[in-house]
Amino acid sequence: MSRLPNFFIVGAPKAGTTSLYHYLDQHPQIYMSAIKEPNFFAKEIREQNFDPQLRPGIARDARALREFLSGSMREKRFGGIVAEWEDYLRLFANATNEPARGEASVCYLWSPTAAERIAAKIPDAKVLILLRDPADRAFSQYLHGLGNGTITWSFREHIQRNLQHRSGQICVHYPFLEFGLYSEQLGRYRERFGRNVWVGFHEDFKNRPLDVCHDICRFLGVTETFSPETFSPNMDRRYLEAQVPRLSTTGWLKRWGFWQAAARMTPLRLRPSIRRALHRKPGTTHMDPADRQYLIDFYRKDIGKLASLVDRDLAGWLQVLAPDTRL
């Protein structure tokens, strides 16, 4: 029990949490769970709550997850549904004497159950929340879906599919806009954890990542060996940046599993160059100003509530800027 996590990165999705997980994992006094996104404390993230079309893939991943948990877990794994407490404890079995032990599951911020379930097990936990302009966050998630082949339609159609969703089952278009309704989500964590909640912003993390990491280290109490000289994580890599396929067939290959099969047969040294050849960064893919205005109106009330909660001017989130200035 002494190896339980004592801090959580709970979201938001597409706000820099994967990079933060990897940067903090380089600190000598911080241990990050063997899986990023174990989803244990969110009761909603269970196989039976997903759209039936997604369940075969989830079942396959569950078998791979079981194999991972039975191994050394020396290499970190991205994603999984860890539903049993004993399995969750296994994620911290390799921790030694690190005073800060954390995990990162970005669905926790959205989840109506996660905050209460974390508080029941670890009432003194510290909580890290990174927030991003909700319109930009939604567009980044959409681009991620384009890149992995799960989305083949326009951004506006994706918004409409989300708004028309009624089943409550998790699928490619739900939750989507819900991830950006931050005020109530933040309120759940502040109600249960009070001063143990740290709130940061994607734009600060993007522009000054080392400063943000230093601030988090102070918040986590690992300052005794912390200084810019002793802890300066390698930040050359940005994680889970959106990539758009150059060819429409790339998405088809991914949807049907051929891409993953081909990747397993490709030497590791060749994979980055092949990926670059078949994908491009979304620098030339922009949100339509009309779509951004729609999302500004959708989120306007919630942004106002959030600005009061965090005592920060969020007027920039309500501006329809030129497309090339957003992403």
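To be clear, the structure that these remarks concern was listed above.
Since the structure is predicted, the reported quantities are computational estimates derived from the model, not experimental observations.

A. Region of interest: the packing of helix α7 (residues 155-163) against helix α14 (residues 289-310). Their axes nearest at 10 Å, the elements α7 and α14 cross at an angle of 30°. In terms of orientation, α7 and α14 fall into the roughly parallel class. In the packing of α7 onto α14, the handedness of the crossing is left-handed. Residues Phe155, Arg156, Ile159, Gln160 and Leu163 of α7 form the contact with α14, whose participating residues are Ala290, Asp291, Tyr294, Leu295 and Phe298. In the contact of α7 with α14, the residues fall into seven nonpolar, one polar and two charged.

B. The arrangement of the packing of aromatic side chains in detail. Enumeration according to the criterion identifies 21 aromatic pairs in this entry. With a centroid separation of 6.0 Å and an interplanar angle of 55°, the aromatic rings of Tyr23 and Phe205 are classed as tilted. Note that Tyr23 is positioned in helix α1 (residues 17-24) and Phe205 in helix α9 (residues 202-207), a separation of 182 residues in sequence. Across this residue pair, the class does not change: Tyr23 and Phe205 are buried. Through successive ring pairs, a cluster of aromatic residues spans Phe8, Tyr31, Phe40, Phe41, Trp85, Tyr88, Phe92 and Tyr108. Cation over ring: Arg117 sits above Phe40, and NZ or CZ is 5.6 Å from the ring centre.

C. Fine view of unusual backbone geometry. The peptide bond linking Gly11 to Ala12 adopts the cis configuration, its omega dihedral lying at 5°. Looking at the element boundaries, Ala12 is found in the loop between β1 (7-11) and α1. In the segment running from Tyr174 into Pro175, the intervening peptide bond is cis, with an omega of -5°. One non-glycine residue, Glu37, lies in the positive phi region at around 80°. The residue Glu37 is located in the loop between β3 (35-36) and α2 (55-69) in this model. With phi around 65°, Asn39 is a residue other than glycine that occupies positive phi space. Mapped onto the fold, Asn39 is located in the loop between β3 and α2. You can call Asn39 buried: its relative accessible area is 9%.

D. Focus on α2. In a regular helix each residue adds 1.5 Å, so 15 residues correspond to 21 Å; α2 covers 20 Å between its end C-alpha atoms and thus fits that length. Within α2, burial applies to Ile58, Leu65, Phe68 and Leu69. Looking straight down α2, one finds that the buried residues subtend no more than 80° of arc, so they occupy a single side. In α2, the exposed residues that point more than 90 degrees away from the buried face are Arg60, Arg63 and Glu67. Next to the buried residues of α2 lie β3, β4 (77-78) and α3 (85-90).

Reading the values: the criteria
- Residues numbered from 1 in each chain as written.
- Predicted model: local features only at pLDDT ≥ 70, side-chain atom pairs only at ≥ 80, totals over all residues.
- Heavy atoms only, no water.
- Axes fitted to C-alpha atoms, helices over the stretch in contact; angles between N-to-C directions.
- Helix = DSSP H or I, 4+ residues; strand = E, 2+ residues; numbered from the N terminus.
- Parallel < 35°, antiparallel > 145°, perpendicular 65-115°, else oblique.
- Left-handed = near helix turned anticlockwise from the far one by under 90°.
- Contact = heavy atoms within 4.5 Å.
- Nonpolar A, V, L, I, M, F, W, Y, C, P; charged D, E, K, R; others polar.
- Phe/Tyr/Trp six-rings, centres within 6.5 Å; stacked < 30°, edge-to-face > 60°.
- Buried < 20%, exposed > 50% of the residue type's maximum accessible area, 1.4 Å probe, protein only.
- Lys NZ or Arg CZ within 6 Å of the ring centre and 35° of its normal.
- Expected span 1.5 Å × (residues − 1).
- Arc of directions from axis to C-beta.

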